[in-house]
2 protein chains.
Amino acid sequence: MAKMEVKKKNWWVGFSCYRQPLQTMLKVPDHQVAGHQAGDGKLGPLIDDSGHFYKPLQNDGRGSHELAFYTSFSTDTRIPDHIRKFFPVFYGTRRLEASDDAKIGSRTWYPQAAEDYIIKCLKKDRETTSLELGFRISGLRVYGNKETGFWKPDKKCVLNFSIEDTRLALRKFVSSNPSSDSDIKPDCSFASTVYGGPAGILAQLLELKSWFEEQTVFHFYSCSVLMVYEKESILQGRNSGAEIKLVDFAHVIEGKGVIDHNFLGGLCSLIKLISDIVTSSA
Amino acid sequence: MAKMEVKKKNWWVGFSCYRQPLQTMLKVPDHQVAGHQAGDGKLGPLIDDSGHFYKPLQNDGRGSHELAFYTSFSTDTRIPDHIRKFFPVFYGTRRLEASDDAKIGSRTWYPQAAEDYIIKCLKKDRETTSLELGFRISGLRVYGNKETGFWKPDKKCVLNFSIEDTRLALRKFVSSNPSSDSDIKPDCSFASTVYGGPAGILAQLLELKSWFEEQTVFHFYSCSVLMVYEKESILQGRNSGAEIKLVDFAHVIEGKGVIDHNFLGGLCSLIKLISDIVTSSA
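Residues numbered from 1 in each chain as written. Chains lettered and ligands numbered in written order. Predicted model: local features only at pLDDT ≥ 70, side-chain atom pairs only at ≥ 80, totals over all residues. Heavy atoms only, no water.

Participant: Would you mind going over the overall build of chain A in detail, with residue names and values included?
Facilitator: Summing up its helical and strand segments, chain A has ten helices and ten strands in all. Residue pairs in contact within chain A that sit at least 24 positions apart in sequence constitute 73% of those at least 6 positions apart. Summing over all exposed atoms, chain A offers an accessible surface of approximately 12,300 Å²; the carbon and sulfur share of this is 52%. (Helix = DSSP H or I, 4+ residues; strand = E, 2+ residues; numbered from the N terminus. Contact = heavy atoms within 4.5 Å. Areas by Shrake-Rupley, 256 points an atom, 1.4 Å probe, with all protein chains shown as cover.)

Participant: Pulling in residues and values, what's your account of the pattern of salt bridges?
Facilitator: Going through the model one piece at a time under the given rule, you end up with 20 salt bridges over all chains. Its salt-bridge partner being Glu213(B), residue Lys209(A) comes within 2.8 Å of it at the nearest N-O pair. Separated into two different chains, Lys209(A) in helix H8 (residues 201–214) and Glu213(B) in helix H8 (residues 201–214) make up a pair that spans both. Each member of the pair, Lys209(A) as well as Glu213(B), is classed as buried. The closest approach of N and O atoms between Asp276(A) and Lys272(A), which form a salt bridge, is 3.1 Å. Of this pair, Asp276(A) and Lys272(A) both sit in helix H10 (residues 261–281), four residues apart, which is roughly one turn of that helix. If you follow the salt bridges from partner to partner, you end up with Lys209(A), Glu213(A), Lys209(B) and Glu213(B) in one network. (Salt bridge = Lys/Arg side-chain N within 4 Å of Asp/Glu carboxyl O. Buried < 20%, exposed > 50% of the residue type's maximum accessible area, 1.4 Å probe, protein only.)

Participant: Tell me about the environment of Leu170(A), and please be specific about residues and values.
Facilitator: With respect to the helices and strands, Leu170(A) occurs in helix H6 (residues 163–172). Placed 103 residues apart in sequence, Leu170(A) and Leu273(A) show a C-alpha to C-alpha distance of 8.1 Å.

Participant: For the relation of the copies chain B and chain A, give the residues involved together with the corresponding values.
Facilitator: Rotating chain B by 180° and moving it 0.0 Å along the rotation axis overlays it on chain A with an RMSD of 0.0 Å. Put plainly, the chains are arranged around a two-fold axis. If distances are taken from each C-alpha of chain B to the rotation axis, the shortest is found for Gly265(B), at 2.3 Å. The residues that chain B uses at the interface reappear at the interface of chain A in 100% of cases, marking a shared surface. (Least-squares fit on C-alpha atoms with pLDDT ≥ 70 in both.)

Participant: So, the packing of helix H3 (residues 115–127) of chain A against helix H3 (residues 115–127) of chain B: which residues are in play, and what are the values?
Facilitator: Remark: H3(A) packs on H3(B), axes separated minimally by 14 Å, with the N-to-C direction vectors making an angle of 125°. With respect to H3(B), the element H3(A) is oriented oblique. The two elements H3(A) and H3(B) cross, and the hand of that crossing is right-handed. Of the residues in H3(B), those in contact with Glu115(A), Ile118(A), Leu122(A) and Arg126(A) of H3(A) are Glu115(B), Ile118(B), Leu122(B) and Arg126(B). Classifying every residue of the contact of H3(A) with H3(B) by side-chain character gives four nonpolar, no polar and four charged. (Axes fitted to C-alpha atoms, helices over the stretch in contact; angles between N-to-C directions. Parallel < 35°, antiparallel > 145°, perpendicular 65-115°, else oblique. Left-handed = near helix turned anticlockwise from the far one by under 90°. Nonpolar A, V, L, I, M, F, W, Y, C, P; charged D, E, K, R; others polar.)

Participant: Can you lay out the interface of chain B and chain A for me, pointing to particular residues and giving the numbers?
Facilitator: With 33 residues of chain B at the interface, the matching set in chain A holds 33 residues. When the two sides are added together, the surface that chain B and chain A hide from each other amounts to roughly 2,500 Å², 56% of it contributed by carbon and sulfur. For the chain B face of the interface with chain A, the top three residues by lost area are Arg126(B), His261(B) and Lys272(B), together amounting to 22%. On inspection of chain B and its partner chain A, the count reaches six salt bridges. Its salt-bridge partner being Glu214(B), residue Lys272(A) comes within 3.3 Å of it at the nearest N-O pair. Applying the counting rule to chain B against chain A returns 18 residue pairs in polar contact (both at pLDDT 80 or more). (Buried area = accessible area lost by both parts, 1.4 Å probe. Polar contact = N/O pair within 3.5 Å; in protein donor to acceptor, adjacent residues only side chain to side chain.)

Participant: An account of the packing of aromatic side chains is requested, with residue identities and associated values reported.
Facilitator: Residues and elements named next belong to chain A. Scanning the entire structure with this criterion turns up 42 aromatic pairs over all chains. Ring-pair connections join several aromatic residues into one group, and the members of that group are Phe-69, Phe-73, Phe-87, Trp-211, Phe-212, Phe-218, Phe-220, Phe-249 and Phe-263. The residue whose ring lies beneath Arg-107 is Trp-109, and the NZ or CZ to ring-centre distance is 5.2 Å. (Phe/Tyr/Trp six-rings, centres within 6.5 Å; stacked < 30°, edge-to-face > 60°. Lys NZ or Arg CZ within 6 Å of the ring centre and 35° of its normal.)

As structure tokens, then:
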């Protein structure tokens, strides 16, 4: 969760891969906030000239699983249109200049996973807020102003967030004065515009929740909710452009007639925290 | 989950203990469907002359923890009255002749528990439907008619229930022809009366859900929902007496400002299954 400035929204693609013919001028994105990053000889995401985002396929089956999800999801007629908007379009949605990213669910592993994978995930779920809060922040990037620039705590720091840190980050996300300085209290001046209102993030999360109370098609393990808005736009008196998107589908499995109670529980927890901020800022 | 006949509703107490002065004529209850039962030299619950239910304190701290919960809960002003009705009253509510009992939550252990306890619970959560369904049936007792009598599968059988078995048990619970014979299809003839309607179990579960979306006072690990109704009453054209009660509070911990996403997720899963039955029986 984080506050960020989005000067200009570019096109962003939820998923693509290196196997495809790429356009020229691939470069490393400046604004990634979570997920697998390039470095130490590892492949990271790339962006082409037209702003399309390319995410490398992981080798251990997660990549092909994610690709399979996008393929099946994009043609699945059981997904209502008003819910489809919360998912990246396969080939061709937008690249966002900055974002934040909350991994939903108290459990990031699925029952059928391999034993060593379960143990690894469970350890991380217990070390982060996943278990207690039902979700954890995976990455964030907070823009203050020209002087302070961005606040972007490194991944290790974010994964060490306590419940209180998480609550604070959700407040900073909608403040005009985000800072790593703990003496500076976030003003939440954008809370009513970004979180609140009929088109705000809270309303979108509630719409998503209604679907999760009913849908038994997919279980979204280790899936993230990306939240963005345009600060410039608010300062100019226009629409906040607040938006949520689901991302990270490497561990989606079939629902088989049962709701995704793991995702739903975490989503409700996120909703409650955001709802508390809207209420206290009103 | 089960169907049962409740010929006459007696008084039932959610909790008491052997430390108190007991009345005379204690006896073993006939109708317990889940929980710790007497046998092999172990203490089980007892009932006194006036129908009060006495549950033995467990030795390993769970008993005192449960007692502490009842004491604190009964005086906690943050619990609204319309929610309090879903809990047993400390000393003096009713004993039910028969019941069924669903343990809610995909996880029956809490983050602060001892490592060996977590491992034990996690194993059981994975072996039962808890992990996949968000709840598991702990016990059930189904009354058919004078000829067939009760269907009460033993605890081992119930804990081996698959998702489909669970779905079936929820249908048998509201059928006039429950049977262990898999050729006999449950008729769900009481579904609209017991599950549906403004005072039905579904409405009560939804009321409980609304509270769980907001409440951050307690986290109910390893807690059960007991569901009962009076078959005789329906057959005589009167109110079904359908009721839910939360029981088993040995692992309740403080919520500390976070919702109980584990309980809520499992509750939503139970609601969805019951809702499916109401819809398909309408």
